[in-house]
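Report on the structure
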Amino acid sequence: MNLRVNTLGILLNNGRILLEEREGNHSEGKGTYYRPIGGTIEFGEKSEQAIVREFYEEIGATIKVKRYLACVENIFVVDKKMGHEISQIYLVEFVDSDLYMQKSFVVTEGQQKTFAKWIDLDDILNNRKLLFPNELRDLLKVY
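Residues numbered from 1 in each chain as written. Predicted model: local features only at pLDDT ≥ 70, side-chain atom pairs only at ≥ 80, totals over all residues. Heavy atoms only, no water.

A few words now on the overall build of the protein. Along the backbone of the protein there are three helices and eight strands. Each helix and strand of the protein, ordered N terminal to C terminal, gives the series β-β-β-β-α-β-β-β-β-α-α. For 143 residues, the compact-globule estimate of 2.2 N^0.38 gives 15 Å, and the protein sits close to it at 14 Å. When its C-alpha atoms are laid out on the principal axes, the protein stretches across 45 × 40 × 30 Å. (Helix = DSSP H or I, 4+ residues; strand = E, 2+ residues; numbered from the N terminus. Rg over C-alpha atoms; globule rule 2.2 N^0.38 Å.)

Written as structure tokens, this is what we have:
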């Protein structure tokens, strides 16, 4: 079992949230699920610096941190293996406002490529789309 410390960015626009769409095994079975953009905090790096770096590395976008939202601890099982993440969550915004018009973004993590899309917040809040970590849904209810 490994403990992973990461940071995730909540980016909102007109009732939508930018989320990475993934396919595969997850803690509730198999299929499509969503996660905010983000990643592992490197040793000696502040979480606020890490979220800015991760957005740039993963989708090539420069962001600005609006404010810190919460720390979420997620303990889960996928493929009979336990995972444990501690996530620092930030509300962020694009520096280039033209990026809000882009329908999707290629997400690059090492050799893996996925897409980030604007998802209706209502679909997340009403459980029509599966969001991880699970605790984020409660955080998003205020938006």
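The next thing to look at is a nonpolar patch on the surface. There is a patch of nonpolar side chains on the surface, built from Ile75, Val77 and Met82 and spanning about 280 Å² of accessible area. Along the polypeptide, Met82 turns up in strand S6 (residues 81-94). (Patch = residues over 30% accessible without salt bridge, like charges linked within 9 Å, V, L, I, M, F, W, Y side chains within 5 Å. Areas by Shrake-Rupley, 256 points an atom, 1.4 Å probe, with all protein chains shown as cover. Salt bridge = Lys/Arg side-chain N within 4 Å of Asp/Glu carboxyl O.)

Applying the stated criterion to the full structure yields six aromatic pairs. Relative to Phe132, the ring of Tyr33 lies with its centre 5.5 Å away and its plane at 65°, an arrangement referred to as edge-to-face. A residue pair is termed long-range when its members are at least 10 positions apart, and Tyr33 in strand S3 (residues 29-35) and Phe132 in the loop between helix H2 (121-125) and helix H3 (136-140) qualify at 99 residues. Take Tyr33 and Phe132: they sit in the same class, and that class is buried. Residues Phe94 and Trp118 carry aromatic rings whose centres are separated by 6.4 Å and whose planes lie at 85° to one another, so their mutual orientation is edge-to-face. Placement of the pair is Phe94 in strand S6 and Trp118 in strand S8 (residues 112-120), with a sequence separation of 24 residues. Taken individually, Phe94 and Trp118 each receive the classification buried, so the pair is uniform in this respect. (Phe/Tyr/Trp six-rings, centres within 6.5 Å; stacked < 30°, edge-to-face > 60°. Buried < 20%, exposed > 50% of the residue type's maximum accessible area, 1.4 Å probe, protein only.)

The next subject is the environment of Arg16. Looking at where Arg16 falls in the secondary structure, it is placed in strand S2 (residues 16-26). When its relative accessible area of 24% is taken as the criterion, Arg16 is described as partly exposed. With 101 residues separating them in the primary sequence, Arg16 and Lys117 have C-alpha atoms 9.4 Å apart. Those residues in contact with Arg16, other than ones at most four positions away along the chain, are Leu11, Tyr100, Trp118, Ile119, Asp120 and Leu121. (Contact = heavy atoms within 4.5 Å.)

Over its 13 residues, helix H1 (residues 47-59) runs 18 Å from end to end, which matches the ideal 18 Å to within 8%, given 1.5 Å per residue. Burial in H1 covers these residues: Ser47, Ala50, Ile51, Arg53, Glu54, Phe55, Glu58 and Ile59. Its buried side turned inward, H1 meets strand S1 (3-13), S2, strand S4 (37-40), strand S5 (63-78), S6 and strand S7 (104-109). Downstream of H1 by one or two residues, Gly60 has phi in the positive range, about 70°. (Expected span 1.5 Å × (residues − 1).)

Bringing the nonpolar core into the picture now. The biggest cluster of nonpolar side chains holds 18 residues, and the ones touching the most others in it are Leu11, Leu18, Phe55, Ile59, Val92, Phe94 and Phe105. For this core, the secondary-structure elements that each account for two or more residues are H1, S5, S6, S7 and S8. Those residues within four positions of Phe55 in sequence are excluded, and the remaining contacts are Gly9, Leu11, Ile37, Gly60, Ala61, Ile63 and Val92. In terms of nonpolar packing, the next biggest core, distinct from the first, is built from 14 residues, Leu19, Val72, Leu91 and Ile124 among them. (Core = buried A, V, L, I, M, F, W, Y, C linked by side-chain atoms within 4.5 Å.)

When the charged atoms of two side chains lie near each other, side chains of opposite charge can form a pair. Applying the stated criterion across every chain, the model contains 14 salt bridges. A salt bridge links Glu54 to Arg53, with the nearest nitrogen and oxygen atoms 3.1 Å apart. Taking the relative accessible area as the measure of exposure, Glu54 reaches 7% and is therefore buried. Owing to a relative accessible area of 17%, Arg53 belongs among the buried residues under this scheme. Across the pair Glu93 and Lys64 runs a salt bridge, and its minimum N-O distance is 3.2 Å. Remark: Lys64 occurs in strand S5 and Glu93 occurs in strand S6; sequence separation between them is 29 residues. What you see here is one network of salt bridges that share partners, running through Glu42, Glu45, Arg53, Glu54 and Glu57.

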